[in-house]
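Structural description and commentary
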Amino acid sequence: RYLHDGDPGIDEPEGWWSRTDRFDWRPAAAIAALGWLRDHAPSVLTRLSAEVWARWAPAIVEHGDHKAEPGTALADVCYRLAPEALLSALRERLELRLSSGETEYALLQLAKRLEDDRVLGFLAEQLRVEGLSPRAAFEIAQMLAEKRPDACEEAIRQGGEGHAGG
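As the structure is a computational prediction, the values presented were derived from the model and not from experiment.

Compared with the 22 Å implied by 1.5 Å per residue over 16 residues, the 22 Å span of helix 2 (residues 25-40) between its first and last C-alpha is a close match. Burial in helix 2 covers these residues: Arg26, Pro27, Ala30, Ile31, Leu34, Gly35 and Leu37. Buried positions in helix 2, seen along its axis, are confined to an arc of 165° and lie on one side of it. Exposed residues lying more than 90 degrees from the buried face of helix 2 are Trp25, Trp36, Asp39 and His40. On the buried face of helix 2, the contacting elements are helix 1 (2-5), helix 3 (42-47), helix 4 (50-63) and helix 5 (74-81).

With that settled, the discussion passes to the confidence of the model for the protein. The predicted model of the protein has a mean per-residue pLDDT of 82, with 87% of residues at 70 or higher. Segment residues 160-166 is flagged for pLDDT under 50; beyond a separation of four residues in sequence, or across chains, it makes 16 contacts in the model.

Right, let's get into the packing of helix 4 against helix 6 (residues 83-99). Viewed as axis vectors pointing N to C, helix 4 and helix 6 meet at an angle of 40°, and their least axial separation amounts to 8 Å. The orientation of helix 4 relative to helix 6 falls into the category oblique. Crossing geometry of helix 4 relative to helix 6 is assigned as right-handed. The residues of helix 6 that touch helix 4, namely those facing Ala54, Ala57, Pro58, Ile60, Val61 and Glu62, are Ala85, Leu86, Ala89, Leu90, Arg93 and Arg97. Grouping the constituent residues of the contact of helix 4 with helix 6 by class yields nine nonpolar, no polar and three charged.

Criteria and thresholds
- Residues numbered from 1 in each chain as written.
- Predicted model: local features only at pLDDT ≥ 70, side-chain atom pairs only at ≥ 80, totals over all residues.
- Heavy atoms only, no water.
- Helix = DSSP H or I, 4+ residues; strand = E, 2+ residues; numbered from the N terminus.
- Expected span 1.5 Å × (residues − 1).
- Buried < 20%, exposed > 50% of the residue type's maximum accessible area, 1.4 Å probe, protein only.
- Arc of directions from axis to C-beta.
- Contact = heavy atoms within 4.5 Å.
- pLDDT = per-residue confidence, 0-100.
- Axes fitted to C-alpha atoms, helices over the stretch in contact; angles between N-to-C directions.
- Parallel < 35°, antiparallel > 145°, perpendicular 65-115°, else oblique.
- Left-handed = near helix turned anticlockwise from the far one by under 90°.
- Nonpolar A, V, L, I, M, F, W, Y, C, P; charged D, E, K, R; others polar.

As structure tokens, then:
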């Protein structure tokens, strides 16, 4: 019931979604419920509506099990059932974290795992953003070189605007 009717709390101006230093029980409870369904009732998990997956996509991006076996992670299931919601949440969270100078390995690994051109294109754009940490720039450039060499080359050509050129 909580997954269908619960409020993820992403619209609160000083809440967990708008900041990187906040914890909220609501997304943690949803992740626990989704994880339990994955482990004990997978058929129920995959029958949840796209609306439910979209509601909890931000929680999955922030607190999900991104190191689980491919195909079994909550993000993988969410991507299959509500891809736009997951991609939107991932872009929003990466932008918040990267703009604050953080190197967010779990989110970058999720982006790499999804192999979605929209996310990889967004990451290529981030190479030109002021304030990107050198470590994050390195991680993004390395991922792009592997997954989207054309985007990596374009970011390097445009260099000078951000960290892509050195």
